[in-house]
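Descriptive analysis of the structure
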2 protein chains.
Amino acid sequence: MSEKPTIAILGGTGDLGSGLAKRWLAAGYSVVVGSRSAEKAQAFAKELGGAARGDDNVGAAKSADIVVLAVPFGSHEATLCEVKDAVQGKIVVDAAVPLVPPKVSVVQLPPEGSAAQIAQTLLGEGVKVVSAFHNVGATKLHAGGRADCDVLVFGNDKESRDIVIGLANEVATCGIDGGVLANSAAAEALTSVLIGINRRYKVPGAGIRITGLPTPVPQ
Amino acid sequence: MSEKPTIAILGGTGDLGSGLAKRWLAAGYSVVVGSRSAEKAQAFAKELGGAARGDDNVGAAKSADIVVLAVPFGSHEATLCEVKDAVQGKIVVDAAVPLVPPKVSVVQLPPEGSAAQIAQTLLGEGVKVVSAFHNVGATKLHAGGRADCDVLVFGNDKESRDIVIGLANEVATCGIDGGVLANSAAAEALTSVLIGINRRYKVPGAGIRITGLPTPVPQ
């Protein structure tokens, strides 16, 4: 892995995926936008400019050091199965949130506990699954700045968590070590709560911050 | 219900319960400390001073307008069964968090979804269960001030949620409407994450704040 890893973003043409792509491109990372259609991904990468390339999901996963999953929960398992071979030995950053339409503002966690645990089971122990970016409002990322919220980062491998905390520090106020992968349930559930808060308080992108930490947060 | 309701705090001699008692007493509420032992509760209430009384859990629940459950998860179901008759028609504020020792920093939600949903099922539809105060560090409350964190408030009855948001505003930065009771899973899971953050970042009481809301937060 070179000093700045190449990041594939599966679902990279979506709202969150493209927001993350913009921030990481601005921070000097090479980004491969993944999509079901290579043509769509390539056209989108051209719009993004900079060190952005486009490919289908498998091609994007193959060519990157770190693979970020920013697909809707409905495509989560299918995408995982599709890229399983291509991501062995890599870090997979799962941003999927188990929203169940139409009641997306009601917490409905899967029986497995969390989307992240589903990913780890499907990909196997040869993949370091880290989950993060569940509570980042994409609006802020598209506006060109870092989101004023913290990003809770979960995973069973401490070194992989630290790498993703570094990536989170580029897109939001602060990446925070949230512990093991099972803890992802907290951030995944919180997404439904934040969607409800957006509606009730008529705001575009509520997020969370962790209080009581030293400033700056130790890395 | 008079202008300021009488609040019973079951588990009121514990760390969180006594912290809440202090804040509400300071804000002019009548507080009844509930404990398994009436004597212990009465002695503790004497120490608290002000408009504090002590009683056993059932007596405390009977004599209050709002009943707060601040007992450890291990005593949660037993306490609910004990006070079921005494709380019919009232608001029960459940602060229980499903921590499973020894791994209290790992999210382990119950099959029912959350402690709050267990409470609602056990108490029946005649009780308005609201869940809150999962993520408040008791240390700050005992130090005499409001905790610098937000309190997510969940419940299926909007009017009861609003009453508890008012109580939350007395103990922390802000009470926030988190939606239906099922959403309590988010705050309950987050408690394990915050316990882990306290350990990893060596801080006494990490909490959360919701970002992206107008200031002051509309009530």
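Within an unreviewed UniProt entry, the label attached to chain A reads NADPH-dependent F420 reductase, and the organism entered is Afipia massiliensis.

1. A few points about the overall build of chain A
Of the regular secondary structure elements, chain A holds eight helices and nine strands. If one aligns the C-alpha atoms of chain A with their principal axes, the spans along those axes are about 40 × 35 × 35 Å. A separation threshold of at least 6 residues defines the contact pool for chain A, and within that pool the share at least 24 residues apart is 68%. Accessible area for chain A stands at about 8500 Å²; split by element, carbon and sulfur atoms hold 53% of it.

2. Notes on the interface of chain A and chain B
Contact residues are listed per partner, giving 39 residues for chain A and 39 residues for chain B. Taken together, both faces of the contact between chain A and chain B bury some 2800 Å²; the carbon and sulfur share is 66%. It is Arg200, Tyr201 and Thr211 of chain A in chain A that bury the most area against chain B; as a group they hold 22% of the surface buried on that side. Between chain A and chain B we count two salt bridges in total. Here chain A is connected to chain B by 14 residue pairs in polar contact (both at pLDDT 80 or more). Of all the secondary structure elements, the ones that give two or more residues to the side of chain A that touches chain B are strand E7 (147-155), strand E8 (172-179), helix H8 (184-200) and strand E9 (207-211) of chain A. The greatest single-element share of the side of chain A that touches chain B, amounting to eight residues, is contributed by H8 of chain A. Summarising the sheet, E9 of chain A and strand E9 (residues 207-211) of chain B pair through five bridges and their orientation is antiparallel. Counted as the bridge partner of Ile208 of chain A is Ile210 of chain B from E9 of chain B.

3. Some words on the side chain of Asp94 of chain A
Residues and elements named next belong to chain A. Here Asp94 lies in strand E5 (residues 91-94). Put simply, Asp94 is tucked away with no salt bridge, and the nearest opposite charge, on Lys84, sits 14 Å away. Looking at Asp94, its side chain comes within polar contact range of the main-chain nitrogen of Ala96, at 3.0 Å. Leaving out residues up to four positions away in the same chain, Asp94 has contacts with Leu69, His76, Ala115, Ala116, Ala119, Val129, Val130, Ser131, Ala132 and His134.

4. Notes on the relation of the copies chain A and chain B
Of the transformation placing chain A onto chain B, the axial shift is 0.0 Å and the rotation is 180 degrees, giving an RMSD of 0.0 Å. Within this description, the copies of the chain are treated as partners about a two-fold rotation axis. Most of the interface of chain A is mirrored in chain B: 100% of its interface residues are interface residues there too.

The rules behind each value
Residues numbered from 1 in each chain as written. Chains lettered and ligands numbered in written order. Predicted model: local features only at pLDDT ≥ 70, side-chain atom pairs only at ≥ 80, totals over all residues. Heavy atoms only, no water. Helix = DSSP H or I, 4+ residues; strand = E, 2+ residues; numbered from the N terminus. Contact = heavy atoms within 4.5 Å. Areas by Shrake-Rupley, 256 points an atom, 1.4 Å probe, with all protein chains shown as cover. Buried area = accessible area lost by both parts, 1.4 Å probe. Salt bridge = Lys/Arg side-chain N within 4 Å of Asp/Glu carboxyl O. Polar contact = N/O pair within 3.5 Å; in protein donor to acceptor, adjacent residues only side chain to side chain. Pairing = 2+ DSSP bridges. Buried < 20%, exposed > 50% of the residue type's maximum accessible area, 1.4 Å probe, protein only. Lys, Arg positive; Asp, Glu negative; His and termini not counted. Least-squares fit on C-alpha atoms with pLDDT ≥ 70 in both.

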